[in-house]
Amino acid sequence: MKMIIIYGTGKYGEKTYNFLKEIGCEVDFFCKSYTEKDEYFEEIKVLSLKELLKYDKENMLIFVTVHDKKISRQVIDLIKENGFSDNQIININDPLRQHFLVEKNSIDGSYFCNCCNSKVKSFLASGESGLLFDRYHIIGGGYRENVICPNCGAIDRVRWQNYVLTNFTGILGEKCNVLHIAPEEHIYKLIHNNVECDYYPCDVELNKAQHRCDLTNIQFKDNFFDYIIANHVLEHIKRIDMALSEVKRVLKPNGKLIISFPICMELQTSEEVGDLSSLERLERFGQEDHVRLFGYDYKEYIERYGFCVDVMSPENVLDAATISRYGLIRDDVILICSKCN
């Protein structure tokens, strides 16, 4: 009989556990990137991936219960690197998710998703807990309520991005050239629907987008793009000076850079010095592949590289009732940046 492992101890990990229990499947372990000593979840032992490898991995079935698609892909890649095959991994981002993780929602609900134009009874909670998230409020990170649209899967910060693109840019309706780094599925669809847009969805890994692009060495010519979108990207790039220099080079004189990233308003921006271990990055920045955590000085930090920055936040644009109805993060931040020089 297969050992059943659930990777992730957030809301979806809990929902997956309850579903499996209801159909008579016993969960052997939960798994996380980092675990406390003698950690348990739902009375089940929580192991790190390294600890899990002490058992018979050929006899395991792993449910990956990380909703964020980019992080989920990274987790799955890590699991495969440790010798697990595709047929041993069940990803909740697959359509199968809809059958047991999505709650039934009333079409006459109180909430509204602007990505699929659906009224829903509620949004679903999501996000991981962790040492950093337990200590500080990280805008755009950590466990939170009212995150996921149960109809289309769009998360809160993607709904805010949709609102900003629709109301404060011409990306969705005008003739323009757009470079989109690590494209979010729902934003990709919206931009792709604009037949006047020359759209370049890119990622550093070719299998994740139509074009391969390293933000520190962009292959396009000078003054080419009207817009560059890079949400939750800059926290991954160590040579951010090179990345922002390249962005300035390929942006048209009146072009716009649209960015967002996790922010801790209680701290000053901190960055990796030297080469930290995965565990040290997790503890300092909230994720193993992050090399910085932006703080209250995030605007000045970006301006240092020659950009003029407009800060877009729901709390400064919308009333409390609309923020709640759209399921937005009240203090979420998207920056619309133009070249100052």
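Residues numbered from 1 in each chain as written. Predicted model: local features only at pLDDT ≥ 70, side-chain atom pairs only at ≥ 80, totals over all residues. Heavy atoms only, no water.

Student: Would you explain the packing of aromatic side chains in this entry?
Tutor: By the definition in use, this model includes 19 aromatic pairs. Geometrically, the ring pair formed by Y301 and Y305 is tilted, given 5.8 Å between the ring centres and 55 degrees between the ring planes. One aromatic cluster is present, formed by F112, W160, Y163, F168 and Y326 through successive ring pairs. R159 extends its terminal NZ or CZ atom over the ring of F123, reaching a point 3.9 Å from the ring centre. (Phe/Tyr/Trp six-rings, centres within 6.5 Å; stacked < 30°, edge-to-face > 60°. Lys NZ or Arg CZ within 6 Å of the ring centre and 35° of its normal.)

Student: I would appreciate a short explanation of the environment of V204 in the present structure.
Tutor: Within the fold, V204 resides in the loop between β13 (197-203) and β14 (211-212). Of the residues examined, V204 reaches a relative accessible area of 47% and is grouped as partly exposed. Contacts of V204, omitting those with residues within four sequence positions, involve R212 and C213. (Helix = DSSP H or I, 4+ residues; strand = E, 2+ residues; numbered from the N terminus. Buried < 20%, exposed > 50% of the residue type's maximum accessible area, 1.4 Å probe, protein only. Contact = heavy atoms within 4.5 Å.)

Student: Hey, could you run me through the confidence of the model for the chain in this one?
Tutor: Parts of the prediction with low pLDDT should not have their coordinates interpreted in detail. Averaged over all residues, the pLDDT of the chain equals 88, while 93% of them reach at least 70. Note that residues 95-108 has pLDDT below 50 and, in this model, 28 contacts with residues that lie over four places away or in other chains. (pLDDT = per-residue confidence, 0-100.)

Student: What is the right way to read the pairing of β13 from this model?
Tutor: In the case of a regular strand, side chains alternate between the two sheet surfaces. Within β13, six of the seven residues are buried, which leaves the element mostly enclosed by the surrounding structure. Of the strand pairs in this sheet, strand β12 (residues 176-181) and β13 are connected by six bridges, and their pairing is parallel. Of the residues in β13, the one forming a bridge with V178 is Y199. Between the parallel pair β12 and β13, the chain is carried across by helix α7 (residues 185-192), and the sense of this crossover is right-handed. Of the strand pairs in this sheet, β13 and β14 are connected by two bridges, and their pairing is parallel. Note on β14: the bridge partner recorded for D203 is R212. (Pairing = 2+ DSSP bridges. Right-handed = clockwise from strand over helix to strand, strands pointing away.)

Student: Could you clarify how one ought to interpret the nonpolar core in this entry?
Tutor: One recurring pattern in soluble globular proteins: nonpolar side chains tend to sit buried together. In terms of nonpolar packing, the biggest core is built from 36 residues, with L234 and I302 touching the most fellow members. Secondary-structure elements contributing two or more residues to this core are β12, β13, β15 (225-231), α8 (240-250), β16 (251-260), α10 (298-303), β20 (307-312) and β21 (334-339). Sorting elements by how many residues they give to this core places α8 first, with five residues. Core analysis: the next-biggest nonpolar cluster, separate from the first, contains 35 residues, I148, I171, C176 and I336 among them. (Core = buried A, V, L, I, M, F, W, Y, C linked by side-chain atoms within 4.5 Å.)

Student: Whenever I open this one, the side chain of N177 confuses me. Can you help?
Tutor: Structurally, the position occupied by N177 is in strand β12. Beyond its immediate stretch of four places on either side in the chain, N177 contacts D198, F224, F225, D226 and Y227.

Student: Just to check I follow, could you spell out the pattern of salt bridges for this structure?
Tutor: Should their charged atoms come close, side chains of opposite charge can pair. The final tally for this structure, using the stated rule, is 14 salt bridges. Among the salt bridges present, the one from K45 reaches D38, with a minimum N-O distance of 3.5 Å. By relative accessible area, D38 is classed as exposed at 53%. Between K252 and D226 there is a salt bridge whose closest N-O contact spans 3.2 Å. Highlighted residues: K252 in strand β16 and D226 in strand β15, separated in sequence by 26 residues. K252 sits in the partly exposed class, given a relative accessible area of 25%. D226 gets classed as buried once you look at its relative accessible area, which sits at 18%. Here the salt bridges share partners, and the residues they tie into one network are K238, E272, D275 and R281. (Salt bridge = Lys/Arg side-chain N within 4 Å of Asp/Glu carboxyl O.)

Student: Just checking my understanding: could you explain the pairing of strand β5 (residues 60-64) for this structure?
Tutor: Among the five residues of β5, four are classified as buried, and the element is accordingly described as predominantly covered. In this structure, strand β1 (residues 3-7) lies alongside β5, joined through five bridges in parallel fashion. Looking at the pairing, M3 lines up with M60 of β5. Bridging between β5 and strand β6 (residues 89-91) involves three bridges; their strand directions are parallel. Looking at β6, one finds that I62 is bridged to I89. Between the parallel elements β5 and β6, the chain passes through helix α3 (residues 69-81) in a crossover that is right-handed.

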